[in-house]
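Here's the letter readout for the chains.
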Amino acid sequence: NWVQVREELRKRVGKNNYTNWIEPLEFSALKNGVARFSVPTSFFGDWVSRNFSDQILQHLLRAGAEVERIEFATAPVTRPQKSAAQPASAHPASPATGTAEQDAPERGPAERPATEEEVPGAPLDRRFTFDSFVVGKPNELAHAAARRVAEGGPVTFNPLFLYGGVGLGKTHLMHAIAHELQLRRPDLRVLYLSAEQFMYRFVQALREKQVMDFKSLFRSVDVLMVDDVQFIAGKESTQEEFFHTFNALVDQNKQIVISADRAPSEIKGLEERIRSRLQCGLIVDLHPTDYELRLGILQQKAEFYHSQYKGLVIAPGVLEFLAHRISTNVRVLEGALTRLFAFASLVGREISMDLTQDCLADILRASDRKLTVEEIQRKVAEHYNVRLSDLIGPKRVRTIARPRQIAMYLSKALTSRSLPDIGRRFGGRDHTTIMHGVKKIEELMATDSQLSDDLQMLKRALQG
Ligand code: ADP
Ligand code: MG
């Protein structure tokens, strides 16, 4: 019984491996000693086969299954042109090459040689689709740009560079592009992977003296998506290779999508020529979520859970409360809701405010807004349309000095930092300078209602 075996495997392979690789496996059949599983992508099957098939086999045997070997195949839904029983091939066969097809039936996928057919990207999360992506003000541009790329039409901007903080949906959007392209343009070779995996592959190719293969693989794709590119900053030879791959693809008018946790101009250790090439495309920023977006995401999730945990009632105001209180990142927000539903179904109670506060006490405490001076500076700079570097720097013109004092004031009012501490974060200013700035704003506020309105607004924006 697969469910039991899976439980055993959970203990063996560790939680992350389990959720990433074992849980998504769907048992399809056991016939003539061959246990078949369907997998979301062929790379996924390959990976599981290489890393876990021994353990899976062992546990199946231990559970009394009459099994000799295991096969992994992509599910027929995503690969309509193949039957589920056939071993995975990373890409729908093109008429020119079809070697994997012919070789496969006699062999387990583990021994199957890599062929030109393989586009070994990282596995895609099936849940990360456009359908499940909630669009709001903070991400509408990124979403629109991703949609455009996913149409698979002529390349209009290259690369698409998505950036933003942790948990704001970069990876989700990239996977959504890949899924959509699989449906609309199954003829395209789409490769998604993280910059870390890119480096790892490259280093491996160097070691095994297969750099030519590596190069030709990466140059043969139609759409290349590299996630978290900040990772290769400072890694010289990987950057070099990335740069060449990038140029080769752009020259062939192939679409590239890149994500990072910050703008190209802010990634340290990135070569200038790469930076400037990145800047040739469309750079889109995923902004921190706002209340509406968080609520939208929670509502979507809650609807899903409603269908899973039938009969669970969620009291009015709970989602609003969560959207208000958990403003860090979407992953935490989702985690909170998951736990809440699981807990409520376990104890068989309505999801009330009380239950919510009990069940999520730790998350709520941790996300009690710990505002940083840096966030305040960013916000103030944005609000007054001055550069962050100027805000912190030495310029004394009033258009900059006033916003600077406002940022000082807010830092004092909204964080628990000491004056010398704040001073350090304002380009190493003395604590008396900070004190002066704070006083100045307090004085002005008393008479300048425009300023005090502004401050109210900034405070609200900062505190979510
Ligand atoms: P990033 O790559 O930017 O760190 P992810 O794409 O991994 O973030 O997103 C983290 C989690 O939040 C994922 O589970 C993702 O599905 C979810 N998420 C983020 N933004 C949205 C959104 N706009 N709608 C629905 N889910 C979202
Ligand atoms: Mg990510």
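- As annotated in an unreviewed UniProt entry, the chain is Chromosomal replication initiator protein DnaA from Szabonella alba.
- For the record of the chain, the UniProt heading Subcellular location (unreviewed entry) holds the text "Cytoplasm".
- In its Sequence similarities (unreviewed entry) section, the UniProt entry covering the chain states "Belongs to the DnaA family."

Examining the overall build of the chain
Now for step 1: What the chain contains, in helices and strands, is 21 helices and 8 strands.
Now for step 2: Each of the 464 residues in the chain was classed as buried or not, and the buried ones make up 34%.
Now for step 3: Long-range pairs, those at least 24 residues apart, make up 72% of the contacts in the chain between residues at least 6 apart in sequence.

Brief notes about unusual backbone geometry
Most of the time, phi is negative for any residue but glycine, and the peptide bond is trans.
Now for step 1: Cis geometry marks the peptide bond from Asn-158 to Pro-159; its omega dihedral reads -5°.
Now for step 2: Considering the arrangement of structural elements, one finds Pro-159 in the loop between helix H5 (140–150) and strand E4 (160–164).
Now for step 3: Even without being a glycine, Asn-32 presents a positive backbone phi close to 50°.
Now for step 4: The residue Asn-32 is located in the loop between strand E1 (26–31) and strand E2 (34–39) in this model.
Now for step 5: By the C-beta count within 10 Å, which is 8 here, Asn-32 ends up exposed.
Now for step 6: Despite not being glycine, Asn-253 has its phi angle at roughly 60°, a positive value.

Considerations on the UniProt feature "binding site: ATP" (unreviewed entry) in the chain
Now for step 1: UniProt annotation of "binding site: ATP" (unreviewed entry) refers to Gly-167, Gly-169, Lys-170 and Thr-171 when read in the numbering used here.
Now for step 2: Tracing the backbone through its elements, the reader meets Gly-169 in the loop between E4 and helix H6 (170–184).
Now for step 3: In contact with Gly-169, not counting residues within four places along its chain, are Phe-133, Asn-139, Leu-286 and Val-330.
Now for step 4: C-beta crowding within 10 Å serves as the criterion here: with 20 such atoms nearby, Thr-171 is assigned to the buried category.

Here we look at the sheet that holds strand E3 (residues 69–74)
Now for step 1: Within the open sheet, the 3 strands sit side by side as E1-E2-E3. Their pairing is mixed. Because the sheet does not close on itself, it has two edges, and the strands there are E1 and E3. Each neighbouring strand pair of the sheet contributes to a mean axis angle of 25°, computed without reference to strand direction.
Now for step 2: Direction of pairing for E2 relative to E3: parallel, over a ladder of 6 bridges. Bridge pairing in E3 places Phe-37 opposite Phe-72.

Considering the site of ligand 1
Now for step 1: Surrounding ligand 1, one finds 17 residues, the nearest of these being Gly-169, Lys-170, Thr-171, His-172 and Val-330.
Now for step 2: Every element with two or more residues in the shell around ligand 1 is listed here: H6 and helix H13 (330–347).
Now for step 3: Its residues assigned to classes, the shell around ligand 1 comprises 7 nonpolar, 7 polar and 3 charged.

Looking at the environment of Leu-168
Now for step 1: On the secondary structure map, Leu-168 appears in the loop between E4 and H6.
Now for step 2: On a C-alpha basis, the gap between Leu-168 and Pro-138 in space is 9.3 Å, while along the polypeptide they are 30 residues apart.
Now for step 3: Those residues in contact with Leu-168, other than ones at most four positions away along the chain, are Leu-286, Pro-288, Thr-289, Asn-329 and Val-330.

Focus on the packing of helix H11 (residues 291–308) against helix H12 (residues 318–325)
Now for step 1: Interhelical geometry of H11 versus H12 gives an angle of 135° and a closest axis separation of 9 Å. The angle between the axes of H11 and H12 places the two elements in the oblique class. In this structure, H11 crosses over H12, and the sense of that crossing is right-handed. Note on element contacts: H12 touches H11 through Leu-319, Glu-320, Leu-322, Ala-323 and His-324, opposite Tyr-291, Arg-294, Leu-295, Leu-298, Gln-299 and Ala-302.
Now for step 2: Tallied by class, residues from the contact of H11 with H12 come to 7 nonpolar, 2 polar and 2 charged.

Criteria and cut-off values
Residues numbered from 1 in each chain as written. Chains lettered and ligands numbered in written order. Predicted model: local features only at pLDDT ≥ 70, side-chain atom pairs only at ≥ 80, totals over all residues. UniProt positions renumbered as here; feature names shortened; annotations may be inferred. Helix = DSSP H or I, 4+ residues; strand = E, 2+ residues; numbered from the N terminus. Buried ≥ 20, exposed ≤ 12 C-beta atoms within 10 Å, placed from the backbone. Contact = placed C-beta atoms within 7 Å. Pairing = 2+ DSSP bridges. Axes fitted to C-alpha atoms, helices over the stretch in contact; angles between N-to-C directions. Near = placed C-beta within 6 Å. Nonpolar A, V, L, I, M, F, W, Y, C, P; charged D, E, K, R; others polar. Parallel < 35°, antiparallel > 145°, perpendicular 65-115°, else oblique. Left-handed = near helix turned anticlockwise from the far one by under 90°.

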